[in-house]
Protein chains: 2
Amino acid sequence: MNRQELVGLIKERQSYLCVGLDTDIHKIPKHLLSHADPVFAFNKAIIDATKDLCVAYKINTAFYECMGIRGWETLQRTVEYIPSGIFTIADAKRGDIGNTATQYAKTFFDTYNFDSVTVAPYMGKDSVTPFLAFHEKWAIMLGLTSNEGSQDFQLQRVGDEYLYEKVIRAGMEWGTPDNLMFVVGATQTAQLAAIRRLAPDHFFLVPGVGAQGGSLQEISSLAMNKDCGLLVNASRAIIYAGNGEDFAVDARNAAMQYQQEMSEYLSQITVNS
Amino acid sequence: MNRQELVGLIKERQSYLCVGLDTDIHKIPKHLLSHADPVFAFNKAIIDATKDLCVAYKINTAFYECMGIRGWETLQRTVEYIPSGIFTIADAKRGDIGNTATQYAKTFFDTYNFDSVTVAPYMGKDSVTPFLAFHEKWAIMLGLTSNEGSQDFQLQRVGDEYLYEKVIRAGMEWGTPDNLMFVVGATQTAQLAAIRRLAPDHFFLVPGVGAQGGSLQEISSLAMNKDCGLLVNASRAIIYAGNGEDFAVDARNAAMQYQQEMSEYLSQITVNS
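So, how was this worked out
Residues numbered from 1 in each chain as written. Chains lettered and ligands numbered in written order. Predicted model: local features only at pLDDT ≥ 70, side-chain atom pairs only at ≥ 80, totals over all residues. Heavy atoms only, no water. UniProt positions renumbered as here; feature names shortened; annotations may be inferred. Helix = DSSP H or I, 4+ residues; strand = E, 2+ residues; numbered from the N terminus. Rg over C-alpha atoms; globule rule 2.2 N^0.38 Å. Contact = heavy atoms within 4.5 Å. Areas by Shrake-Rupley, 256 points an atom, 1.4 Å probe, with all protein chains shown as cover. Lys, Arg positive; Asp, Glu negative; His and termini not counted. Charge placed at Lys NZ, Arg CZ, Asp CG, Glu CD. 1 Å grid on protein atoms, 1.4 Å probe; cavity = no way out; pocket = protein on both sides within 12 Å on 5 of 7 lines; lining within 4 Å. Points joined across faces, edges and corners; volume = space filled by probe spheres on them. Nonpolar A, V, L, I, M, F, W, Y, C, P; charged D, E, K, R; others polar. Pairing = 2+ DSSP bridges. Axes fitted to C-alpha atoms, helices over the stretch in contact; angles between N-to-C directions. Least-squares fit on C-alpha atoms with pLDDT ≥ 70 in both. Buried area = accessible area lost by both parts, 1.4 Å probe. Salt bridge = Lys/Arg side-chain N within 4 Å of Asp/Glu carboxyl O. Buried < 20%, exposed > 50% of the residue type's maximum accessible area, 1.4 Å probe, protein only.

Per an unreviewed UniProt entry, chain A goes by Orotidine-5'-phosphate decarboxylase and derives from Chitinophaga agrisoli. The Catalytic activity (unreviewed entry) comment attached to chain A in UniProt states, word for word, "orotidine 5'-phosphate + H(+) = UMP + CO2". Quoted verbatim from the Pathway (unreviewed entry) field of UniProt, the annotation for chain A is "Pyrimidine metabolism; UMP biosynthesis via de novo pathway; UMP from orotate: step 2/2."

Trainee: I would appreciate a short explanation of the overall build of chain A in the present structure.
Mentor: Tallying secondary structure elements over chain A gives eleven helices and ten strands in all. Scaling as 2.2 N^0.38, a compact globule of 273 residues should have a C-alpha radius of gyration of about 19 Å, and chain A matches this with 18 Å. Expressed as a percentage of contacts within chain A between residues at least 6 apart in sequence, the contacts between residues at least 24 apart total 73%. Carbon and sulfur atoms provide 46% of the accessible area of chain A, an area that totals close to 9,800 Å². Separation between the mean location of the 23 positive side-chain charges and that of the 31 negative ones in chain A comes to 1 Å.

Trainee: Even after reading the chapter, I still don't get the layout of surface pockets, so can you show me in this structure?
Mentor: Here the idea is plain: a probe the size of a water molecule rolls over the atoms and shows the empty space left. Residues and elements named next belong to chain A. By volume, the largest pocket is sized at about 210 Å³. If you go around the largest pocket, you meet 13 residues; those closest to its centre are Val79, Ile82, Ser84, Thr88 and Asn113. A per-element tally of the lining of the largest pocket places helix 4 (residues 69-81) first, with three residues. Looking at the lining of the largest pocket residue by residue, the classes come out as five nonpolar, six polar and two charged.

Trainee: What is the right way to read the UniProt feature "domain: Orotidine 5'-phosphate decarboxylase" (unreviewed entry) in chain A from this model?
Mentor: According to UniProt, the feature "domain: Orotidine 5'-phosphate decarboxylase" (unreviewed entry) maps to residues 16-251 of chain A in the numbering used here. In residues 16-251 of chain A, the share of helix is 37% and the share of strand is 19%. The end C-alpha atoms are 16 Å apart.

Trainee: Would you mind showing me how to read the sheet that holds strand 4 (residues 116-119) of chain A here?
Mentor: Two modes of strand pairing occur in sheets, parallel and antiparallel, and in both the strands are linked by backbone hydrogen bonds. Residue and element names in this part refer to chain A. Read once around its circumference, the closed barrel built from eight strands follows the order 1-2-3-4-5-8-9-10, with strand pairing classed as parallel. Here the strands of the sheet are splayed against their neighbours by 30° on average, with no regard to which way each runs. Two elements, strand 4 and strand 5 (residues 138-144), share four bridges in a ladder whose sense is parallel. From the neighbouring strand, valine 119 faces strand 5, where its bridge partner is methionine 141. Strands in contact with helix 1 (residues 3-13) are strand 3 (87-94), strand 5, strand 8 (180-184) and strand 10 (230-234); relative to strand 10, the strand with the most contacts, it is inclined by about 65°. Taken strand by strand, helix 7 (residues 163-174) contacts strand 5 and strand 8, and its axis lies near 160° from that of strand 5.

Trainee: Would you mind showing me how to read the side chain of glutamine 259 of chain A here?
Mentor: Note on placement: glutamine 259 of chain A falls in helix 11 (residues 247-272). With sequence-adjacent residues up to four places away left out, glutamine 259 of chain A is seen in contact with Arg13, Gln14, Ser15 and Leu53 of chain A.

Trainee: When you look at the relation of the copies chain B and chain A in this model, what are you seeing that I'm missing?
Mentor: The pair of chain copies shares a relation made of a rotation about an axis and a shift along it. Superposing chain B onto chain A takes a rotation of 180° combined with a translation of 0.0 Å along the rotation axis, leaving an RMSD of 0.0 Å. The two molecules are tied by a two-fold rotation axis, judged by turn and shift. Relative to the rotation axis, the closest C-alpha in chain B is found at valine 158 of chain B, a distance of 2.4 Å. Interface overlap between copies is the fraction of interface residues in one copy that are interface residues in the other; for chain B against chain A it reaches 100%, indicating a shared surface.

Trainee: Can you walk me through the interface of chain B and chain A in this structure?
Mentor: The figure often quoted for interface size is the accessible area lost as the parts come together. Taken together, the 56 residues of chain B in the interface contact 56 residues of chain A. Ranking the residues of chain B by area buried against chain A places Ile69, Tyr122 and Phe153 of chain B at the top, with a combined share of 20%. Summed over the shared surface of chain B and chain A, the number is four salt bridges. For the side of chain B that touches chain A, the secondary structure elements donating two or more residues are helix 3 (62-65), helix 4 (69-81), strand 3 (87-94), helix 5 (98-111), helix 6 (125-128), strand 5 (138-144), strand 6 (157-158) and helix 7 (163-174) of chain B. Across the side of chain B that touches chain A, the residue classes break down as 22 nonpolar, 20 polar and 14 charged.

Trainee: I keep staring at the pairing of strand 5 of chain A and nothing clicks. Help me out?
Mentor: Sheet faces and side chains relate simply in a regular strand, where the side chains alternate between the two faces. All names here are of chain A. Most of strand 5 sits inside the fold, with seven of its seven residues counted as buried. Summarising the sheet, strand 5 and strand 8 pair through five bridges and their orientation is parallel. Bridging from a neighbouring strand, isoleucine 140 pairs with methionine 181 of strand 8.

Here it is, written out as structure tokens:
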């Protein structure tokens, strides 16, 4: 999916919601466990219940990898079930030297046909650029993450800036707003406005809303740009909103709350521009 | 495998060679392509030909992931075929927030039963410590890598030290020489002695010998400690040493050259200690 299509989708749906399918078999409603593939049965119901309210699905690969080969089958079934026209993110945080990075890019873009994959920056340019060479595919590079460990290195000073700022500036030299996004954690509100000034045109994938405590209002007012420029991810707050027979209805209601709030913030861009 | 067993294996075999199974189906001898699982057929022959000369096998997961679900089957077959008593490394470079990192640790330590997994440090403490909580399992954290991109961030100054030094010092607070190793690229000879002074007791996994140009002699003289403290990885230089019917013989000869050279360097520790 290209940038124009993504921006069009956001306007049409009045939403910049990404639903995170971090599905843990130990947390899904018990009545699904009799299915041949309980995690897929859960994901299918969540997708059916939210597909008109969100613009993206993010699949956290760790939750599938830990189930071994069957987990990858579930992942493939899930990504194939997502309606075309919705942006797909493999949240895999890959990063390795050039020839290996190319294998990872092929994995997620060709083998599984994701629109995008999250990448880790520690190994530098040749670990990221192979992901930028695919037509209408995206790398989403870690910038400043939502977890406590972001203080250990990302928020250390390198010369006159933070390491994460150096990372984002480097990324902006390697890629463009058409093939590169940045991960910016929802809990990092103290830095959000500065990050938007640093990268005015790039999309940010913002995880950490809901269970991790980030505020949608704050994120939106600090970091939205004229094209919206945000994909805000909620995982646990949506997919585990309920735990009974009606879990998909509960998930839809949770997603709809986000979408309605987003619709308000989006209307403010239109007024201002 | 615990540290004592690993050190014992190195002494017994007179080797600190790790054979990297970065197997690319496009690079293996053509006569193997008629096998049901050509990559496994290749790996099996390489393992049979080298298992008495090395102390570890490193499986670069990217080369398997890119083949989709069949690739994970090949990976699992390969790790199960490696004789017990040889150290196994999942070169997966995973890193994510705490609850996700735990899923990755389960994946490689429980689901696939690897002894160790490589981890990326950018997300900080809570992305690494879940890998340190497993009995007789190891995290191998990226320190200073062998690729050109290591200059982009790892070799930037943070206060009065390089970022990679800060990463290694942080790792030494989180883990111990019994559950944590560091990746130090073979091409980084200018830094190797300083890294050994910084972390005198930890094992280093050293990739980049052979195809990437690192010198075994230099690495060994700069970074060996009294327990050896090194696992030196060669991938392409061994597994693609030949490309005909006799490829496994060529791989054995290449591995034997490394082992014989290593045996010399190991004898110098004994003399000195």
